[in-house]
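Each chain, written out:
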Amino acid sequence: MVYLFYISYELGEGTHQSQLQVADTGQNTPSTDLDPMSHHGELVLDLATDPCQTTRDQLMTVAQNQLTNSRLGLTVLTRTLDASTLPDCRLIRSDDNLDLLFKAKTCLDEAGVSDFVLMTSLAMKKFWETACLHVFSHVHTWQVTGVDVQSQLPAVEPWELEQVETGFKEYLKGVGRQEQVQVLRSHVIPADRFNAGFHERFGGVSQLSPLTSLNMLYTIRKPDPVLVIEENRRRLAEAAGFEPASLRVAKVEHDKNIWVVGKPPPPKFDGVVTNIPGVTVAAPGADCAMILLADTKTGACGAVHAGWRGTTVGAVRACLQTMVEEFGTDPQDIRAAIGPTIEGKCFDLPASDAAPLTRLDPGLVWGSARHPDWVHADLVQANVLMLQLDGVPAGNIDTSCALCTVCNKQFFSHRRDNIPFGNQIGFISCRKSGGDNL
């Protein structure tokens, strides 16, 4: 029998349920139904948590039987076991259980393995189930089997299970090099009134190469679990000087819906606006433009995501118009900054999709050598032009941070890295009195 465990969370792209499989071993006999994972699955063997040689011998015997006539790979969690003991396996050594599991996850992700069975003693089964719930993500399918061994350790106490999440959060704080977090600032947005910026991809805890390392967004196609995203956001918040709990990130749909903080949010929205001091609004990007708007008169601000779809439907115009309607913003008072965005020379699309940009200004598009019916498009200048047409003075619009995400590898890029890929964000808040957001 397999039980299904669900955890719900909300981190920027809507609320998702992560379905994680945990096997009920019945009479403490490991499941042998591994056919769904026979092509790319893994057996993760826990030889670390029980030092008793009898336990280890029994687990190795059961594991060898499980591996016979299967196509599963083998990963071994251990304290001191050397590689010669178990050839043809991934060997993960550590004195810390969560470190073992996180390192095993990293190895499995790099190998493209998303399905696995973790085999342990019955006494440790609940611990590993709880740990896997926090360490793995929606893309992973896993089972934990507990083997009833001789000389069994005492079962893990409930209070110990409750500490797993806290322990993993503390563990993540020591992963990687937080000092590498780099924030980019715009010179047109007054720093004494607003906390606004973009960031590079370094200094976080995401481990898979395309996501390394400051991935800001959880999605169902990425191996980063919720707590990894939370730690990455905590690090950016600390470097940039805002409170992590204040962050409101757009849940993008590549359209022009805008959420006004304080009102019920729509299911999906590409922009967020607020006039509440200390609330940080943000928009993600990984080639798509991230645009920040600051009203220097009212203190209102907004962040909007505008890829080619969002640009063609006028997402930035919708964000500005929402500020006009909700907060009485005068476009003449707006300061705008556009963050890292794919350049036109690195981006092309069917001419039919780019038609709204051609109508806006034919100079925004030009022919593509890849295909006669495709064109390159300048998304940055298209958004600049739309802001100008809606009344924002040209001198109030800053594109100095709009570095090409494809050409500059310090940023995440969908076009360059394919799937999965990481996301950076652009963020902005109106400072509380005294110039401090915290």
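That block above? That's the structure.
This structure is a prediction, so every number in the text was calculated from the model and none was measured.

Colleague: Looking at this model, I keep getting lost on the packing of aromatic side chains. Mind explaining?
Modeller: Tallied over the entire structure, the rule returns seven aromatic pairs. Look at W259 and F269: their rings are 5.3 Å apart centre to centre, the planes differ by 50 degrees, and that puts the pair in the tilted class. Pair noted here: W259 is in strand 11 (residues 258-260) and F269 is in the loop between strand 11 and strand 12 (271-274), with a separation of ten residues, a long-range link. Like F269, W259 is buried. Against the face of F421 rests K222, its NZ or CZ located 4.9 Å from the ring centre.

Colleague: How should the environment of V44 be read in this particular structure?
Modeller: By the element assignment, V44 lies in strand 3 (residues 42-46). Take V44: its relative accessible area is 2%, and that puts it in the buried class. Sequence-wise, V44 and F116 are 72 residues apart; in three dimensions their C-alpha atoms are separated by 6.9 Å. When near neighbours in sequence (up to four residues on either side) are disregarded, V44 contacts T75, L77, L108, F116, V117, L118 and M119.

Colleague: How should the layout of surface pockets be read in this particular structure?
Modeller: Empty space among the atoms becomes visible once a probe the size of a water molecule is rolled across them. The space that makes up the largest pocket amounts to roughly 630 Å³. Considering the residues around the largest pocket, the lining is formed by 29 residues, among which H254, C288, H305, H414 and F421 are closest to the centre. Within the residue set of the lining of the largest pocket, elements represented by two or more residues are strand 13 (280-285), helix 6 (308-312) and helix 10 (414-417). Classifying every residue of the lining of the largest pocket gives 13 nonpolar, nine polar and seven charged.

Colleague: Even after reading the chapter, I still don't get the pattern of salt bridges, so can you show me in this structure?
Modeller: When the charged atoms of two side chains lie near each other, side chains of opposite charge can form a pair. Scanning the model with the defined rule gives 18 salt bridges in all. E231 serves as the salt-bridge partner of R234, at 2.8 Å between the closest nitrogen and oxygen. With R234 and E231 both in helix 5 (residues 226-240) and three residues apart, the pair spans about one turn of that helix.

Colleague: Would you mind showing me how to read the pairing of strand 15 (residues 301-306) here?
Modeller: Within a regular strand, the side chains alternate between the two sheet faces. Burial of strand 15 is extensive: six of the six residues sit out of reach of the surface. Of the two faces of strand 15, the one carrying C301, A303 and H305 and the one carrying G302, V304 and A306 are both buried. Where strand 12 and strand 15 come together, four bridges link them in antiparallel fashion. Residue pairing for strand 15: G271 is matched across the bridge by V304. Two strands pair when backbone bridges link them, and strand 14 (residues 289-295) and strand 15 are joined in this way by six bridges, in the antiparallel orientation. Counterpart to L293 in the pairing with strand 15 is G302. Counting the residues in the hairpin turn of strand 14 and strand 15 gives five residues, including G299, whose phi is positive at 85 degrees.

Quick notes on the rules
- Residues numbered from 1 in each chain as written.
- Predicted model: local features only at pLDDT ≥ 70, side-chain atom pairs only at ≥ 80, totals over all residues.
- Heavy atoms only, no water.
- Phe/Tyr/Trp six-rings, centres within 6.5 Å; stacked < 30°, edge-to-face > 60°.
- Helix = DSSP H or I, 4+ residues; strand = E, 2+ residues; numbered from the N terminus.
- Buried < 20%, exposed > 50% of the residue type's maximum accessible area, 1.4 Å probe, protein only.
- Lys NZ or Arg CZ within 6 Å of the ring centre and 35° of its normal.
- Contact = heavy atoms within 4.5 Å.
- 1 Å grid on protein atoms, 1.4 Å probe; cavity = no way out; pocket = protein on both sides within 12 Å on 5 of 7 lines; lining within 4 Å.
- Points joined across faces, edges and corners; volume = space filled by probe spheres on them.
- Nonpolar A, V, L, I, M, F, W, Y, C, P; charged D, E, K, R; others polar.
- Salt bridge = Lys/Arg side-chain N within 4 Å of Asp/Glu carboxyl O.
- Pairing = 2+ DSSP bridges.

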